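Examination of the molecular architecture
Single-letter residue listing:
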Amino acid sequence: MMGLIWFWLVAIMLAVYVLLDGFDFGVGALYPFLAKTENERRMVLRSIGPVWDGNEVWLLAGGGTLFFAFPLLYASAFSGFYLPLMIVLWLLILRGIGLELRNHIENVVCKQLLSGIFALASTLLPVFYGAALGNVLRGVPLKANGYFFLPLWTNFRVGPNPGILDSYTILAGVVALVALSLHGALWLALKTHDPVESRARAAAQNLWWVLLVLTPASLAATLWVRPQGMQNYTAFPPAFVIPAAVGAGLFGVYYFNRMARPLAAFLSSCLYLFSMLAGAAYALYPSLLPSIVNPAEDLTISRSLSGTYALHVGLVWWTLGMVLAISYFSLVYWMFRGKVRADMY
Amino acid sequence: MDALLMHRLHFAFTVTFHYLFPMLTMGLALLIVILKTVALTGKDESYDRAARFWARIFAVNFVMGVVTGIPMEFQFGTNWAQFSEVSGGVIGQPLAMEGIFSFFLESAFLGLFLFGEKRLSRWAHWGAAFAVCAGSWISGYFIIVTDAWMQHPVTYRVLANGRYEVTSFWGLCLNPWALRQYAHNMCGSVVTASFVMAAVGAFYLLEKRHEEFGRIFVKVGVVAGVISTIAMVYPTGDLQGKYVAANQPAAMAAMEGLFKSENGAGIVLVGQPNEETQQIDNPIVVNNVLSFLIYGTMHAQVKGLDQFPRDQWPTTLPLLFYAYHIMAGLGTYFVLVMGLAAVQLWRRKLDVSRWILWPLLISFPLPYVANTAGWMTAEIGRQPWLIYGLMRTDQGYSKYVSSGNSLFTLLGFMGLYTLLSILFIVLVYHEISHGPENGNGADPRPAAH
């Protein structure tokens, strides 16, 4: 029971991380294309300036909670995905530096350099995150003690000797990049003024068509690498509400973006992303990290779980902490509600 | 190549570099709250400007702390997987709580503090500064709780699969080691910020530029500095030292370079530990003082390293000895400098006393050295244990991450952090030479660009 609860708590924290930091990644990836003048650039950056750091905290809080609730998974996955994880850390460092220090530098060339670093890191990070999720869904060559070590790539085939990057995980990375860019475009449509606003809406429209093709393709590819992913759904048909929500979110994005209702479009995108992640988590359950060698050696919830006392007490402080966190976030997003003010950037 | 060594260096390098920034963040947050409090109560607009100036430096420092801190949360898993697997049921708790109770608070209010002065009332903006300060201090506490459990494991039990589970929430959070170490560590953080603020003030006064602000900075820096430097030595350093002597006697013996047990042990002020002959080369010793410092009487017996099996001696013993002596020596020097400056401040002569302004200016790097040496003392003193008495360091690293991979990413971090250091120094120098007077707008970020 504790295992089930903490599985969903960690999954939700990581999903909230994707929803929140996701839009500022998307903004970063689109930023070179949507902002042409220095004034527009400042407006675009100002739309995420007060919130990106808080958004990124969900990664730390989620990672910490994962460590707390499932130490074996944390130890195995983080050491097994050693190289890509280190690259992700370097990209996160570069991205934060590029974004924050730009405001402290006056030289135009230096500003452009930092902008470029920020945009490049914002583009690569969603690809890595998508590929990471792809690796988890595909499974890794776990040893009997629950550990593994993966090279960055082998022959790009989904086979018995995979790398971090193979054809499936690259597809997952591309889906993540497109989905988060769309998410970021919708955020910009919500927060900025013309001409950035209308450029963002047009970009969202174009990205939507790409995502419309990629979403079913990624679903089919996932069932191809992990056919047993359907079992949880067929065993409990009401779960098909999750893929239905994916579809509803996707069409909501199209409809509300066309209707120029940016908040509704952004929330639809949230629904889409959340349902995609929930669908993946539900397909995995009760495994956390499947083995491609022997399904009996999957890292499951029960195998990775912490002691019961800690988990019981954890529910108390976790709930309290989340109430506080949500109130801080509500305050900050409310304070900076509406379009970015002209005098603020 | 030795994988254990690579993983140790990896963690040591990244955490040492990281802590250079939070060390200033926590102390400076407190000093900014003090500046803003004075600004609220008085009619003097210059304290508001002073706070805005330091907020700009704080912002640069904070972002460095954030980006170098993210890797720390993950390095337990990447480089110390075996340790993480067995200890996650205990130290996972403070690490998760740090994210949930501190980082959310800090990051949310940092946005309001840096971007919101125009939108908030004066009191609300003070509240945002206070929340950032509280968040950073809470964060420090959870990290100390994590380290304290490794130094002095309490309230745990061993599960059937060999993992540790916490048995008391409050027992872990209120680990006596953590309380002492936190008090001592936070004094170190305030000392750092005090020296930095006083140094910038001294710089302006010596330069005869922005003198109004120079006077404010040396005043606040010296007042906070004299309190925190004394508190760092006594009571917090004293309490921490006695607790180490009681609970990690081998570490204490190695720190002091005491190879043989002695009644009425003397304290070695300077010397070089010689592991072969097991004595201190060319020592300067003050008789009986060590016994007095630890036990309060001149003739108490202090355990030497000869009381412990060789495989339980801290490894890299000379490094431990030097780190400890540098920390203690600098701590004494800080009291002296801040004490003299405080006397001149009290006599209202500080801003013209060049003989003390110069030491204030050039001493600001030394608290960084002292804090780093203090942490090295704590962590090298814990060796050869990863969790004191429970798990040796050579049992904890990631077995499937080879030494070459670890060295590769270590070099990557070194390169990246060199770049960050240069950027940091350039930007902070830029803010200091820009000065507090031009920061007229409510927004702490330069409004012109």
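What counts and how
- Residues numbered from 1 in each chain as written.
- Chains lettered and ligands numbered in written order.
- Predicted model: local features only at pLDDT ≥ 70, side-chain atom pairs only at ≥ 80, totals over all residues.
- Helix = DSSP H or I, 4+ residues; strand = E, 2+ residues; numbered from the N terminus.
- Buried ≥ 20, exposed ≤ 12 C-beta atoms within 10 Å, placed from the backbone.
- Contact = placed C-beta atoms within 7 Å.
- Core = buried A, V, L, I, M, F, W, Y, C linked by C-beta atoms within 7 Å.
- Expected span 1.5 Å × (residues − 1).
- Bend = angle between axes of the 7 residues up to and from the residue.
- Axes fitted to C-alpha atoms, helices over the stretch in contact; angles between N-to-C directions.
- Parallel < 35°, antiparallel > 145°, perpendicular 65-115°, else oblique.
- Nonpolar A, V, L, I, M, F, W, Y, C, P; charged D, E, K, R; others polar.
- Pairing = 2+ DSSP bridges.

This brings us to the overall build of chain A. The helix and strand inventory of chain A stands at 13 helices and two strands. Along the first, second and third principal axes, the C-alpha atoms of chain A reach 60 × 40 × 40 Å. Looking at the 345 residues of chain A, the share that counts as buried comes to 58%. Within chain A, counting contacts between residues at least 6 apart in sequence, those at least 24 apart form 74% of the total.

Another point: the nonpolar core. Among the nonpolar cores identified, the biggest contains 279 residues, and Leu182(A), Ala185(A), Leu186(A), Ile32(B), Trp54(B), Ala199(B) and Leu360(B) are the most heavily contacted of them. Take this core: its biggest share by element is 20 residues, from helix α3 (residues 81-115) of chain B. Residues contacting Leu360(B), with those up to four places away along its chain left out, are Ala198(B), Ala199(B), Ala202(B), Val218(B), Val337(B) and Ala341(B).

Moving on, we get to helix α2 (residues 45-79) of chain B. Residue and element names in this part refer to chain B. With 35 residues, α2 extends 50 Å between its outermost C-alpha atoms, agreeing within 8% with the 51 Å of an ideal straight helix rising 1.5 Å per residue. A maximum bend of about 40° is found in α2 at Glu73. Among the 35 residues in α2, 32 count as buried, and that is most of the element.

Once that is clear, we can look at the packing of helix α5 (residues 82-101) of chain A against helix α13 (residues 403-434) of chain B. Axis separation between α5(A) and α13(B) bottoms out at 11 Å; the angle between their running directions is 5°. Considering the angle they form, α5(A) stands roughly parallel to α13(B). Facing Tyr82(A), Leu83(A), Met86(A), Trp90(A), Ile93(A), Ile97(A) and Leu101(A) of α5(A), the residues of α13(B) in contact are Asn405(B), Thr409(B), Gly412(B), Leu416(B), Leu420(B), Leu423(B) and Leu427(B). Among the residues making up the contact of α5(A) with α13(B), the classes are represented as 11 nonpolar, three polar and no charged.

Working note: regular strand, side chains alternate between the two faces of the sheet. All names here are of chain B. Looking at chain direction, strand β4 (residues 267-274) and strand β5 (residues 279-286) are connected through six bridges and run antiparallel. Looking across to β5, one finds that Pro273 is bridged to Ile280. The hairpin turn running from β4 into β5, its antiparallel successor, is four residues long, and Gln278 in that turn takes a positive phi close to 55°.

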